[in-house]
Amino acid sequence: MGEVRRTAHAFFSLEDAYVLDVDSLLQGIPLTASDEAQIVAMAILTGERHPIDKRDWEVLMSIPTDRWVNEDGFDVKVVRGLLDKGLIVSDSGDSPYRELRERDEAMTATGWHPYATLYHYLTQWTGVDIRDGDRVDAELAAETAAGVRELVADYGLPPTELPHMASDHRVALPARARSEPFFRTLMQRRTTRAFDPERQMSLDDLDTVLRYGFGVHGYASRVEGVVCIKRTSPSGGGLHPITVYPIVANVEGVAPGVYHYNAGDHSLALLSSLTTEEAHELASTFMAGQSYFGTAHVSFVLAARFYRNHWKYRRHARAYAGILMDAAHLSQTLYLVAAELELGAFVTIAINGRDIEERLGLDGVEAGPIAVCGCGPRLARRSPLEPRFTPDRPPRPA
Ligand SMILES: Cc1cc2nc3c(=O)[nH]c(=O)nc-3n(C[C@H](O)[C@H](O)[C@H](O)COP(=O)(O)O)c2cc1C
């Protein structure tokens, strides 16, 4: 018999339990909560939620996190169930227990803040796909609008688009229009949902997007071996934990495939070759079936090397928020570089993080995806999914 210990990477909540009463259901009578709450375990190691019973709870309570105990003293079935749920780990060399134990050890060693693990791992997607047969974007746009109408019907109007505070002292600002190139570029920034399959993206443009969007423009070191890099976006602690995996679909002179952008020598390392169609499909699958983004000429998986940040911000309550912001800044810079090059651009966090990890060989603990952005030549016509912004503010319904 082997040894077990409890993982420190789990949360428990008390939730209302409902008794399934088929007669009531058939009569349309809503279910009522039972008198006793249900313990629900949130297993960080698997990213899954599991209802657990009192026997599970008692065994969990008596297995420590800081040392191994022989599993002999416990009910075999309960122990097996808790191992399968990733709530305790074992010293077994067999799959999947070995992998779960290694994940547990890696999570402790890489300085994750517990609340960040709860959010990150319990909100990751796998296998989400919004595609529905041959549905075209105009139909999707109509469905999205119908969904918004339903929200209004259910919850009333959203909070107003702009907050306005009354004050005795109002300073009217001059609103000077700027015509310098940078301001023109800023005004051109927008999300594109229709890329032109007939036009290749030039190597020059990819080069510029990588160099000015994600490239390195300087180094600084105050302590030997601890090096900060300069990018065109800011980064918490100057650590720049985000690295970029381009999925090249249709770029002149660059074979379609999954790459890693080696910013250090500004080169692309091919990880796996694809056809253009496969690259579009892979990118679309990564982005939960959003093929209007997946058909871009190049998509960039923004992956965090979590430990690069956690090395300094160990179990830090704000570290994860900083990592999300780092990715957001990089995507905004990509938008701006793309706007300057007259390319379309996008960003999304609606991604199948678990699937991306698997495909890119990321363990999800030391490194994992945060967002996907991308760019390429636009179609002349706008996608029906793109809102038309005008300077006139619509009146609020009475
Ligand atoms: C964090 C984040 C996530 C987004 N995710 C999606 C997405 O999943 N699908 C999509 O079509 N657009 C997505 N967008 C784009 C927004 O819909 C877009 O920025 C917004 O409609 C405003 O349009 P604009 O970017 O053209 O100004 C996302 C933007 C951000 C910042």
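Remember, predicted model here, so these are calculated numbers, not experimental data.

A.B. asks: So what's going on with the site of the ligand? Which residues, and what values?
C.D. replies: The ligand sits among Arg-189, Arg-190, Thr-191, Arg-193, Gln-290, Tyr-292, Phe-293, Val-347, Thr-348, Ile-349 and Ala-350. At a separation of 2.5 Å, an oxygen atom of the ligand approaches a polar side-chain atom of Thr-191. The contact in question runs from a nitrogen atom of the ligand to an N or O atom on the side chain of Gln-290, over 2.7 Å. About the coverage of the ligand: the protein hides 60% of its 620 Å² of free accessible area.

A.B. asks: For the layout of surface pockets, give the residues involved together with the corresponding values.
C.D. replies: By volume, the largest pocket amounts to about 390 Å³. Tyr-119, Tyr-320, Leu-324, Ile-349 and Ile-370 are, among the 18 residues lining the largest pocket, the residues nearest its centre. If you list the elements that add at least two residues to the lining of the largest pocket, you get helix H5 (114-122), helix H12 (319-340) and strand S14 (367-376). Its residues assigned to classes, the lining of the largest pocket comprises 13 nonpolar, five polar and no charged.

A.B. asks: Please provide a residue-by-residue account of empty space enclosed by the protein, values included.
C.D. replies: Tallying each qualifying case throughout the model produces one cavity of 30 Å³ or more. Lining the largest cavity are Gly-111, Trp-112, His-113, Ala-116, His-310, Tyr-313, Arg-315, His-316, Ala-319 and Tyr-320. Here the residues of the lining of the largest cavity sort into five nonpolar, four polar and one charged.

A.B. asks: Describe in detail the sheet that holds strand S5 (residues 69-70), supporting the description with residues and values.
C.D. replies: Ordered by their spatial adjacency, three strands build an open sheet running S5-S1-S6, and the pairing between neighbours is antiparallel. Of all strands in the sheet, those bounded by a partner on one side alone are S5 and strand S6 (88-90). Strand direction decides the pairing type here: strand S1 (residues 3-6) and S5, joined by two bridges, are antiparallel. If you follow Val-4 over to S5, its bridge partner there is Val-69. Packed onto the sheet, helix H3 (residues 76-84) meets S1 and S6 and runs at close to 100 degrees relative to S6.

A.B. asks: Summarise H3; cite the residues concerned and give the values.
C.D. replies: All of the buried residues in H3 are Val-78, Val-79, Gly-81, Leu-82 and Leu-83. Where H3 is buried, its residues touch S1, helix H2 (54-61), S6 and helix H4 (97-109). Near the N-terminus of H3, the side chain that reaches the backbone nitrogen of Lys-77, with its oxygen 2.8 Å away, is that of Asp-75. Gly-86, located one to two residues past H3, shows a positive phi value of around 70 degrees.

A.B. asks: Residues and numbers for the pattern of salt bridges, please.
C.D. replies: The tally for this structure, following the rule as stated, stands at 17 salt bridges. Note that Glu-143 is salt-bridged to Arg-135, the shortest N-O span being 2.6 Å. When its relative accessible area of 42% is taken as the criterion, Glu-143 is described as partly exposed. Its salt-bridge partner being Arg-199, residue Asp-196 comes within 3.1 Å of it at the nearest N-O pair. On the basis of relative accessible area, Arg-199 is assigned to the partly exposed category, the value being 42%. Salt bridges linked by common partners bring Arg-98, Glu-99 and Glu-102 together as one network.

A.B. asks: Please provide a residue-by-residue account of a nonpolar patch on the surface, values included.
C.D. replies: A cluster of nonpolar residues, Tyr-18, Leu-20, Val-22, Leu-25, Leu-26 and Leu-31, forms a patch on the protein surface that exposes about 640 Å² of accessible area. In this fold, Leu-20 is placed in the loop between strand S2 (10-15) and helix H1 (22-26). The exposure class of Leu-20 is exposed, given its relative accessible area of 63%.

A.B. asks: Can you lay out the sheet that holds strand S12 (residues 298-305) for me, pointing to particular residues and giving the numbers?
C.D. replies: If you trace the six strands from one edge of the open sheet to the other, you get S11-S10-S9-S12-S14-S13, paired in antiparallel fashion. In the strand order of this sheet, the two ends are held by strand S11 (267-273) and strand S13 (344-348), each with one partner. Ignoring which end each strand starts from, the neighbouring axes of this sheet average 25 degrees apart. One ladder, built from five bridges, connects S13 with S14; its direction is antiparallel. Each residue of the ladder has a partner; that of Ala-345, found in S14, is Cys-375. Across the face of the sheet, helix H8 (residues 203-214) comes into contact with strand S9 (242-248), strand S10 (257-262), S11, S12 and S14 while running at roughly 25 degrees to S12. Packed on one face of the sheet, helix H13 (residues 353-360) meets S9, S10, S11, S12 and S14 and runs near 90 degrees to S14.

A.B. asks: Please set out the packing of H2 against H3 residue by residue, giving values where relevant.
C.D. replies: It is the contact of H2 with H3, at a shortest axis distance of 10 Å, that shows an interaxial angle of 80 degrees. For the element pair H2 / H3, the angle class is roughly perpendicular. Residues Arg-55, Asp-56, Val-59 and Leu-60 of H2 lie in contact with H3, whose contacting residues are Val-78, Val-79 and Leu-82. Grouping the constituent residues of the contact of H2 with H3 by class yields five nonpolar, no polar and two charged.

About the cut-offs
- Residues numbered from 1 in each chain as written.
- Predicted model: local features only at pLDDT ≥ 70, side-chain atom pairs only at ≥ 80, totals over all residues.
- Heavy atoms only, no water.
- Near = heavy atom within 4 Å.
- Polar contact = N/O pair within 3.5 Å; in protein donor to acceptor, adjacent residues only side chain to side chain.
- Areas by Shrake-Rupley, 256 points an atom, 1.4 Å probe, with all protein chains shown as cover.
- 1 Å grid on protein atoms, 1.4 Å probe; cavity = no way out; pocket = protein on both sides within 12 Å on 5 of 7 lines; lining within 4 Å.
- Points joined across faces, edges and corners; volume = space filled by probe spheres on them.
- Helix = DSSP H or I, 4+ residues; strand = E, 2+ residues; numbered from the N terminus.
- Nonpolar A, V, L, I, M, F, W, Y, C, P; charged D, E, K, R; others polar.
- Pairing = 2+ DSSP bridges.
- Contact = heavy atoms within 4.5 Å.
- Axes fitted to C-alpha atoms, helices over the stretch in contact; angles between N-to-C directions.
- Buried < 20%, exposed > 50% of the residue type's maximum accessible area, 1.4 Å probe, protein only.
- Salt bridge = Lys/Arg side-chain N within 4 Å of Asp/Glu carboxyl O.
- Patch = residues over 30% accessible without salt bridge, like charges linked within 9 Å, V, L, I, M, F, W, Y side chains within 5 Å.
- Parallel < 35°, antiparallel > 145°, perpendicular 65-115°, else oblique.

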